[in-house]
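# Observations on the three-dimensional arrangement
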Amino acid sequence: MPGYNLKEGFYREEHVSDDELWAAFTSLFSSQATMVSSYKYGFLKAIIDNLYNTDEELQLSFKQLFSKFAEIYWNLILKYHLKQQSKKKTYLEQIIHDSVHKYALPDGIPYESLTDDMMDDVSYQVKQKCKKYVIGALFEDTKRLFYSFSKKEEKIKIKPEMYTFICKHKVAIEKLNYYEWARFLERINESGEADHLLSKIDESAKRSNLSFYRDILFQEFENKCFYCGRPVTKDYVEVDHFIPWSFIKDDQIWNFVLACPECNSKKRDKLAQVGFLNKICERNEIMVGKKQIDSPDISKRIKMIYNWAQKNGYDKIWTPRKVALLNDR
Ligand SMILES: [Zn+2]
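Attention in this report is confined to the structure presented alongside it.

## A closer look at the environment of Ala205
- Position of Ala205 among the secondary structure elements: in the loop between helix H8 (197-202) and helix H9 (211-220).
- The exposure class of Ala205 is buried, given its relative accessible area of 5%.
- The sequence separation of Ala205 and Ala194 amounts to 11 residues, and the corresponding C-alpha distance is 18 Å.
- Those residues in contact with Ala205, other than ones at most four positions away along the chain, are Lys68, Glu71, Ile72 and Trp245.

## Some words on unusual backbone geometry
- A positive phi angle is found at Ala104, which is not glycine, with a value near 50°.
- Looking at where Ala104 falls in the secondary structure, it is placed in the loop between helix H4 (91-102) and helix H5 (116-141).
- Note on Ala104: relative accessible area 65%, which makes it exposed.
- Despite not being glycine, Lys249 has its phi angle at roughly 55°, a positive value.
- Checked against the element boundaries, Lys249 lands in the loop between helix H10 (245-248) and strand S6 (256-259).
- For Lys249, a relative accessible area of 3% puts it in the buried group.

## So, helix H1 (residues 18-30)
- Here H1 is 13 residues long and its end C-alpha atoms lie 18 Å apart, about the 18 Å a rise of 1.5 Å per residue gives.
- Among the residues making up H1, those that are buried are Leu21, Ala24, Phe25, Leu28 and Phe29. Down the axis of H1, the sector holding all buried residues measures 130°, keeping them to one side. Exposed residues pointing more than 90 degrees away from the buried face of H1 are listed as Asp19 and Ser30.
- Looking at the buried side of H1, the elements it contacts are helix H2 (39-49), H5, helix H6 (160-168) and helix H7 (170-188).

## Some thoughts on the side chain of Thr54
- With respect to the helices and strands, Thr54 occurs in the loop between H2 and strand S2 (59-61).
- Overall, the relative accessible area of 5% leaves Thr54 in the buried class.

## Some details on the packing of aromatic side chains
- Evaluated as defined, the whole model comprises 27 aromatic pairs.
- Aromatic side chains Phe43 and Phe69 sit 6.2 Å apart centroid to centroid with 70° between the ring planes, which places their arrangement in the edge-to-face category. You can see Phe43 sitting in helix H2 and its partner Phe69 sitting in helix H3 (residues 62-79), a full 26 residues away along the chain. The same class applies to Phe43 as to Phe69, namely buried.
- Every member of this aromatic cluster is reached through a ring pair, and the members are Tyr39, Tyr41, Phe43, Phe62, Phe66, Phe69, Tyr73, Trp181 and Phe184.
- Over the face of the ring belonging to Tyr91 we find Lys129, whose NZ or CZ atom lies 4.4 Å from the ring centre.

## Some remarks on the coordination of the zinc ion
- Around the zinc ion, the donor atoms from the protein are Cys225 (SG), Cys228 (SG), Cys260 (SG) and Cys263 (SG), and they sit 2.3 Å away.
- Coordination at the zinc ion comes from four donor atoms whose angles at the metal span 104 to 113°, giving a geometry best classed as tetrahedral.
- Along the chain, the residues donating to the zinc ion fall in the pattern C-x2-C-x31-C-x2-C. Of this pair, Cys225 sits in the loop between H9 and strand S5 (238-241) while Cys260 sits in the loop between S6 and helix H11 (261-267), and the two are 35 residues apart along the sequence. Cys260 matches Cys225 in its accessibility class, with the two residues each being buried.

## Focus on the pairing of strand S3 (residues 147-150)
- In S3, alternate side chains face the same way, and those of Tyr147 and Phe149 on one face and Ser148 and Ser150 on the other are all buried.
- The pairing of strand S1 (residues 8-9) with S3 spans two bridges and is classified as antiparallel. Looking at S3, one finds that Glu8 is bridged to Ser150.
- Here four bridges tie S3 to strand S4 (residues 155-158), and the two strands are oriented antiparallel to one another. By the bridge assignment for S4, Ser150 is matched with Lys155.
- Turn length for the S3-S4 hairpin, with the two strands adjacent in sequence and antiparallel, is four residues, and the turn residue Glu154 shows positive phi of about 60°.

## So, the packing of H3 against H5
- Running from N to C, H3 and H5 point in directions that differ by 100°, and their axes come no closer than 9 Å. As judged from the angle between their axes, H3 and H5 are roughly perpendicular. Between H3, through Phe62, Lys63, Phe66, Ser67, Phe69, Ala70 and Trp74, and H5, the contact on the second element is made entirely by Val122, Ser123, Val126, Lys127, Cys130, Lys131, Val134 and Ile135.
- Among the residues making up the contact of H3 with H5, the classes are represented as 10 nonpolar, two polar and three charged.

Quick notes on the rules
- Residues numbered from 1 in each chain as written.
- Predicted model: local features only at pLDDT ≥ 70, side-chain atom pairs only at ≥ 80, totals over all residues.
- Heavy atoms only, no water.
- Helix = DSSP H or I, 4+ residues; strand = E, 2+ residues; numbered from the N terminus.
- Buried < 20%, exposed > 50% of the residue type's maximum accessible area, 1.4 Å probe, protein only.
- Contact = heavy atoms within 4.5 Å.
- Expected span 1.5 Å × (residues − 1).
- Arc of directions from axis to C-beta.
- Phe/Tyr/Trp six-rings, centres within 6.5 Å; stacked < 30°, edge-to-face > 60°.
- Lys NZ or Arg CZ within 6 Å of the ring centre and 35° of its normal.
- Donors = N, O, S within 2.8 Å, 3.2 Å for Na, K, Ca; no water.
- Tetrahedral: all angles 85-135°; square planar, octahedral: opposite > 155°, others 65-115°.
- Pairing = 2+ DSSP bridges.
- Axes fitted to C-alpha atoms, helices over the stretch in contact; angles between N-to-C directions.
- Parallel < 35°, antiparallel > 145°, perpendicular 65-115°, else oblique.
- Nonpolar A, V, L, I, M, F, W, Y, C, P; charged D, E, K, R; others polar.

If you want it as structure tokens, here you go:
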């Protein structure tokens, strides 16, 4: 595995064309013949799922990346029983099985059911073990065009041209990654486990219990549907991903609103009309003021994501039958 033992690496500074950026990914996927575990696919997913959590310099910490990485693998291994390597168990599988034993957890428990302390413990161990193998390897396999990294500072910094490129082609790159990952898993897993592989991979970091976010929003702001203004109660309300989950693949408070069940089911995977984009920005500014959101450029960020979603095929704009006054919270 070239690159895996590097302590740090720097992306190539020169300007490169979109064709060369594509070639960086296609060479990653064509090198799959030599791959012994699925780590690179998982790490690429961890970066893509964290794409909108970078700081202004496009940096992501190992902690951010390996928290996601641990969550993805926890669910693939325990919930879906998918082996990630052909011969012996990977370190990752060992860490996960040992943690189940250590905390006496029930079989198949999803990651979201762990306590925060358990999650911190698992993702810390995964980071300590897996950072050795995956960061330098993915850096080399993408022809040093993806990111710089430092194992000492524990962060990566994405090459700006590559960042824009991935934002523009996020859905396509993600699908390519899932496809190759699924092919890899298909070879080393029994047929029952290997059914519906693409959705298992896609939903490996999807959380079903969003009541934590509902409670914060309910307490702070909203006893009305964000979209139609109809009154809601704690038992008659749903947590909606403003930018659809299928695009963003991440759960962050700044992307959640409370909606009545009707609006939530009608909106589904669509973007809400642009008036609501301004409304969520105002709402988020209030939360920044109260230090409930720690990203001061959040309005800029969510507008950027909204635009990228449109460019990635989310071009159906949804409007509720009855629209709440936009300044009405
Ligand atoms: Zn509604």
